Amino acid sequence: MSKKLFLLDAMALIYRAYYALIRSPRITSKGKNTNAQFGFTNTLYDLINKEKPTHLAVCFDTHAPTERHTDFSEYKANRQEAPEDLLESIPDIQRIIKGFNIPCVELDGYEADDVIGTLAWQAADAGYEVYMVTPDKDYGQLLIHPNVFIYKPPYMGNKEEILDAQKVCDKWGISRVQQVVDILGLMGDAVDNIPGIAGVGEKTAAKLLKEYDTLENVLANAASIKGSLGEKIRNGIEAATISKKLATIITDVPVQFHEEDFKLKEWNRPELEESFTELEFKSLGKRILGDSFNAFQTAPQGVQTDLFGNVVDTLQNTVKKAPAAAAEDDSEVTGLSADKNIHNTPHQYELVETDEQIIGLVKQLLSEPEICFDTETNNLDANDCELVGMSFSCKPGVAYYIPCPASQDRTKAILQLLSPLFNKTDVLWIGQNVKYDMLVLKWYNVELKGNIYDTMLAHYVVEPEGRRSMDLLSAQYLQYEPVHIEELIGKKGKSQGNMRDVPVEKVKEYAAEDADITLQLKHALHPQLKLKAVDDVFSKVENPLVKVLTDMEFEGVRVDINFLQEYSRELEKDAAACESRVYEQAGVKFNLASPKQLGEVLFEKLQLDPKAKKTKTGQYATGEDVLMKLSNNNPIVEDILTFRELTKLKSTYVDALPQMINRKTGRVHTSYAQAVAVTGRLSSNNPNLQNIPIRTDRGREIRKAFVPRDAEHLLISADYSQIELRIVAAISGDPNMCEAFKLGKDIHTATAAKVYGIAEEEVTKEQRYKAKSVNFGIIYGQGAFGLADNLGISRTEAKTIIDNYKKEFSGINKYMDDMINFAKEHGYVQTLMGRKRWLKDINSANFTVRGFAERNAINSPIQGTAADMIKMAMIRIHEAMKKENLRSRMILQVHDELVFDVHQSELDTLKPLILENMKIALPLPNEVPVEAELGSGINWLEAH
DNA sequence: ATATTCACG
DNA sequence: ACGTACGTGAATATG
C-alpha cells in the first residue's frame, strides 16, 4: 500500500471553519463558542475518513516573528487581530489533535507553510505521496516534487480539489511551478501585504514570465522593456525583489520528518470523549466515536498525561505539547507577551482619591492653560456606561488618576469637586477622541466650558488616510509603546473584561499614561499643522465641531418601533412570496440569498446568459446591473431584485433599528466618525443613519419611523440644493455654470440646453435626465464608458455629450486639468478651507492607479468643500441655538442635510436661523449663491 | 476574514 | 489588453 502523508495548515483551516460557521454559531451550554473546534474537527475527520491517509501531521504558526517580519515591517501588517473565540479555540483543537494521536508541529521563527514545505519534500523523497491541506495559493511553488500535491478542502460550495503541478501552472498561466514565486514577486499579494510591482497584476506578471522566465531575468531586462510597463518595472525592482523573498516558502527549516511520528495510530478515545463532551459535540461525537458516545455523560477524570506527549518527544522542541486541560486559567491575558511592551520610561503617575487630594489637584490644575485628560469607563458605548476614572496631565511624564468607584453618588461628588475646572472657560482641553469623553461626562450633566484640542483630529487633517489609534500614533510620533488596553480588559469579544474589575493600581498606570501620551502627542503633532498648512481647518472646523457632534449623539432620535414591527411583517410576507415565485420559475429550491447559488441557477441551470460575467473569484456576478441586462425582462429577474430589495430593507433597517434603541433614552444614538472619511465628510455608524433609504417607495417608508420626541415637537429637514455642482461652478469660475446658478435656473435643464444647443424650453425630460447624469459624472471624473454604461447609451453618443459639455463648460474642463496638474506638482489637492488630500499615486506610471488618483484630484476638493461648508454651518447653528437657549435640537447630519427635533413654539425662530446660517457658512467665490431648502413634518419623510 | 451586494450623498 | 464614477457602513454567505 502506498504511503500517503497529509500535512494540515492549521491556522488557515481554523480561520475558515470559524467564519464559515459564524452565522449559525455553535455555543455550548456554558456559553462557549465552538465554531472553530467543530469545523476543524469535522474537516480533519472527513479527511481521515475519505482520503485514508497513512500518515498525518498538523502544522501551526507561532507568535514569534519570522525573518519575513524582521526584514520587512509591512509584512502581514494589515492583519486584524484574530477574534477572541478563535484564539481560545486553539488549545481545544490541539487537544483534539492529540486525542487523535496526531502530532502538532510548530517552530518559532517559521510559519506553517515553511514547516509544511520542508516536511513535504523530505517525505516525498522518502517515497510518500504528500498532500498539503490548505486554501493558500502560495503553496503552488512547492509542487516541484511529482509526489507533492495541494489538497483544497471543500469551501464556498466547491468540492475538495487536488492540485498538481500542471493544474497550478494552468491556473497562473506559467510553465513551471517555480514561477509561482516570480508571479507573486511581480504582482504582490494583498492578503499578506506583499507589495509587488505597482500596476502589475496577474495577467501582466504571467506575460512577463512567458517572455523572461524568471523574475530576475525580467528585472535584468527592465531597461529594454518598452512603454509604461518598462517604467513600472524599473521603478519596482526593489519591491519585486523583496516581494519574491517574502513569498518564497522556506524548505530547509530545522525539522526532521520521522515516519513513525506521523503514522496514524490508535486514537486516545477517553481523551477525545472528554474533549467532545466538554465541547458538546453530540452528533459529530457519535459520528466519530460511535453510538456509545454520549455528550452529556460526565467527563472522565484523571486522563493519563503521558499519553499526550509520546509522539512529540522524538521531534524535540519542534512539537508543542498539548495543554493538560482546556485553558481554564485566565489569570493572564492570552496572545500578548507582556514582557515585550516597553512602558518603563521614567514617569510620575499619582493616584488622587480623597476629597482633600482632589481639591488639591483642582487647585493646581486651575492655573494651567492646557490640560490633557482622558476618561475610563466600564463599556465602550459612551451612551451606556459608567465613569470608572479620569486622568489628567499637564506636563510630560506627570499624570494624575482619579478613580470613580461603583457608587454613582461618590462619582457625582467627585465630579462636583472638579466642577471649577469643567466650568473654566479659558482652558484648552487636550484629548484623543474627545467626543467620547465629553459624551460620557454629559451623561453626568457635566459640560466642558473650555476649548477642545483633539489629537485624533490633528492627525486627521495632517494625514487623512492614515490610521490613528493611540498605540499607532504613539509608536509613530513618540517611538513609544504604551500599555495596551487588552492587557487590562482582554480583547474585544463577549468575554471582554470590564475596566471596573481591574485593580485600581493597574488602571492608574494605564489611564495616567494615556493622558501623558496624549499630551506628548499634541506637542509632536502641533508643529505639523502649521507645516502642512492645515491649522485653519483644524481650529475653525474640526475642533469646534466636537461639541456639536457630542450634543447630537447625546440627543439621538426617536424611532417608532410599532411602525417598524408592522412593516417588518409586511416585508417578510412579500419577500417570502417573491422567494417562492423564484423557486417555482427556477424549478429548484436553493438559498436565494447566496449569490453563488443564484448564479449557478441563472447561468447554468436556466442558461440565461451564455457569456455571463464572472467575479474575480470565478463565481457568476449577480449584482443588480448584471441582472437588469438579462434576456428580455425575464420575470424571475424582477422577483429576485424585489426579494433583494425587501430583505435588504428588513435586515439592515426595519429589524436592526429597534435593536439599537438605547434603554435609558428610548432613542437611537448614532455615532459620527469625524476622522474616517478621507475627503473630510463625516461617517455614521452603530447604526448608520446616513444611508436610510429614500430612492424607492418601499425603502422611503422607513423614514416614517423617524419621529419627533413628542407631540409638541416636529422634525425639520434642511438641505443644501445642488451643493456640489455649485462648488464646481464657483471654484472653476465657469461663466455658463455660474450664470445658471446666479439666475436661479434648473441646473440640469440649463446644462441640457447648452449640451444639445437648444433653448431651455425645448429640453426634453430625456435630455435633462442625461444632462443630470453628466453633471454628476463630472464631479467624479467619469468618462465616456461610464456615462454610456450608466445611461444605457452607446459610447459614441456618450462621447459626443461629454465633448459638447467640455466645450460649452470649458471652465469646468479647465478645472479638471488644473486640479490634476496641481496635484502632480504639489502632491496634494485642497478644499476652500484648506483641507488637504495627498495623492501619492498621481504620478504613477500605471494607467489605472494614476487614473484613480486623477479622479480623486477632481472629486476631493468638491466633496471636501461641501463637507467643510456643512460643518461650518453646524457649528454656527449649534452656537446660535445655544445662545437663544432653545429647547429644539440638531439631531442628524446626512452630508448635505441637517435634521432637527423642534419644539413647535420655536419653528418660526428656527427656520430662518437654520437657512441663513447654512447659506452664509462658507461663501463661495465668483458670487455663486448657496441655496438651502427646509421642510417640517411629523416624521422624517414628511419633513423632507 | 473575504467576497458580494446594496443603502445613502 | 486593461479598466473604466467619488465617498461611506452594513448585511449576507461561506462547512
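It should be emphasised that the depicted structure is a prediction, and the values quoted were computed from it without experimental measurement.

So, the sheet that holds strand β6 (residues 161-163)
Here six strands make up an open sheet; going across it, the order is β3-β2-β1-β4-β5-β6 and the pairing mixed. Whereas interior strands pair on both sides, the edge strands pair on one side only; in this sheet they are β3 (104-105) and β6. Across the sheet, helix α2 (residues 35-51) is in contact with β1 (4-9), β2 (55-59), β4 (129-133) and β5 (148-152); its angle to β1 comes to roughly 165 degrees.

What to know about the UniProt feature "domain: DNA-directed DNA polymerase family A palm" (unreviewed entry) in chain A
UniProt's feature table lists "domain: DNA-directed DNA polymerase family A palm" (unreviewed entry) at residues 699-906, given in the numbering used throughout. As a span, residues 699-906 carries 59% helix and 13% strand, and end to end its C-alpha atoms are 31 Å apart.

Some thoughts on the side chain of threonine 518
Mapped onto the fold, threonine 518 is located in helix α22 (residues 504-531). Polar side-chain contacts of threonine 518 include one of 2.6 Å to the backbone oxygen of aspartate 514. For threonine 518, the contacting residues outside a window of four places in its chain are Cys372, Ile430, Gly431, Gln432, Thr455 and Met470.

A closer look at the packing of aromatic side chains
The final tally for this structure, using the stated rule, is 23 aromatic pairs. Measuring from ring centre to ring centre gives 6.3 Å for tyrosine 15 and tyrosine 19, while their planes differ by 25 degrees; the resulting arrangement is stacked. A residue pair is termed a helical-turn pair when its members lie 3 or 4 positions apart in one helix, as tyrosine 15 and tyrosine 19 do in helix α1 (residues 10-20) at four residues. Each ring, one from phenylalanine 603 and one from tyrosine 620, has its centre 5.2 Å from the other, and the planes form 35 degrees; the classification is tilted. Here phenylalanine 603, found in helix α25 (residues 595-605), pairs with tyrosine 620, found in the loop between α25 and α26 (624-628); they are 17 residues apart in sequence, far enough to count as distant.

A word on the layout of surface pockets
Estimates place the volume of the second largest pocket at around 1900 Å³. If you go around the second largest pocket, you meet 44 residues; those closest to its centre are Ile692, Pro693, Ile694, Arg695 and Tyr780. Counting only elements with at least two residues in the lining of the second largest pocket, the list comes to α27 (635-654), β18 (713-720), α30 (723-732), α33 (765-780), α34 (784-791) and α37 (847-883). Residue composition of the lining of the second largest pocket, by class: 17 nonpolar, 15 polar and 12 charged.

Section: the pairing of β4
Within a regular strand, the side chains alternate between the two sheet faces. The element β4 is extensively covered by neighbouring structure, given that four of its five residues are classed as buried. Here β1 runs beside β4; their pairing, made up of five bridges, is parallel. Note that in β4 the partner of leucine 8 across the bridge is valine 133. Where β4 lies against β5, four bridges are found, and the strand directions are parallel. Bridge assignment links valine 130 to a residue of β5, and that residue is valine 148.

What counts and how
- Residues numbered from 1 in each chain as written.
- Chains lettered and ligands numbered in written order.
- Predicted model: local features only at pLDDT ≥ 70, side-chain atom pairs only at ≥ 80, totals over all residues.
- Heavy atoms only, no water.
- Pairing = 2+ DSSP bridges.
- Helix = DSSP H or I, 4+ residues; strand = E, 2+ residues; numbered from the N terminus.
- Contact = heavy atoms within 4.5 Å.
- Axes fitted to C-alpha atoms, helices over the stretch in contact; angles between N-to-C directions.
- UniProt positions renumbered as here; feature names shortened; annotations may be inferred.
- Polar contact = N/O pair within 3.5 Å; in protein donor to acceptor, adjacent residues only side chain to side chain.
- Phe/Tyr/Trp six-rings, centres within 6.5 Å; stacked < 30°, edge-to-face > 60°.
- 1 Å grid on protein atoms, 1.4 Å probe; cavity = no way out; pocket = protein on both sides within 12 Å on 5 of 7 lines; lining within 4 Å.
- Points joined across faces, edges and corners; volume = space filled by probe spheres on them.
- Nonpolar A, V, L, I, M, F, W, Y, C, P; charged D, E, K, R; others polar.
- Buried < 20%, exposed > 50% of the residue type's maximum accessible area, 1.4 Å probe, protein only.

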